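Summary of structural features
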Amino acid sequence: SSGLPIVFSRIYVIPTGIRAMGVTETHQGITNQDVILVLTSGEVYSLSKRFLSPRRKGEEATDISEWDEPSLPAYKPVVPLVSTKVLNYYSKLEGLSEVKSTFTMLESTSLVAVYGLDLFVVRVMPEKSFDMLTEEYNFKAVIMTILGLFSAIVVAYYYMAGQKVKKYFSE
């Protein structure tokens, strides 16, 4: 109400050492970003920025303030590292020191390069592949629908043209 900015802050603990950090980039900047962490264990980890938001509601808070974001998980100081978010799977990487990210032509996809002594490049999709068609997509149904609509338009055009001719001759 006084016009001054409101500042939020939270403290986060990651249960392992971090050598390097980077952020994914997308073509239009629409997709939520992931923070790419290079851990001292040689793993490359993708962490959603949602887990680092200072607007997360505290665990002990029972009321939701106007600044809390209900779609975010509850705040816990220790950031959980889930094994399914490790990007290099079982590959042991050594001497990684830099993280670079670039966008692709698909909004949902970023390319991340992690390098140092080893080089590791991976495709990252922070919000899944919302702009790609699945392999099970029914292309035949779409083509048949388009052809059916086109045929209906042609038939309707000639039908209406015939109606106009009948109208002119009936007068």
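Cut-offs and rules
- Residues numbered from 1 in each chain as written.
- Predicted model: local features only at pLDDT ≥ 70, side-chain atom pairs only at ≥ 80, totals over all residues.
- Heavy atoms only, no water.
- Helix = DSSP H or I, 4+ residues; strand = E, 2+ residues; numbered from the N terminus.
- Buried < 20%, exposed > 50% of the residue type's maximum accessible area, 1.4 Å probe, protein only.
- Pairing = 2+ DSSP bridges.
- Axes fitted to C-alpha atoms, helices over the stretch in contact; angles between N-to-C directions.

Considering unusual backbone geometry
Unusually for a residue other than glycine, Tyr89 sits at a positive phi of about 50 degrees. Checked against the element boundaries, Tyr89 lands in the loop between strand 3 (44-48) and strand 4 (96-103). What makes Tyr89 exposed here is its relative accessible area of 63%.

Side note on the sheet that holds strand 4
Read from one edge of the open sheet, three strands run 4-5-6, paired in antiparallel fashion. Because the sheet does not close on itself, it has two edges, and the strands there are strand 4 and strand 6 (119-124). Each strand axis lies, on average, 20 degrees off the axis of its neighbour in the sheet, ignoring direction.

A few points about the sheet that holds strand 1 (residues 18-23)
In space, the three strands of this open sheet follow the order 1-2-3, with antiparallel pairing throughout. Edge positions in the sheet fall to strand 1 and strand 3, since each has one partner strand and no second. When strand polarity is set aside, the average angle formed by the axes of neighbouring strands in this sheet is 25 degrees. Bridging between strand 2 (residues 34-39) and strand 3 involves five bridges; their strand directions are antiparallel. Looking across to strand 3, one finds that Val35 is bridged to Leu47.

Interpretation note: all reported values are geometric properties and have no functional meaning in isolation.
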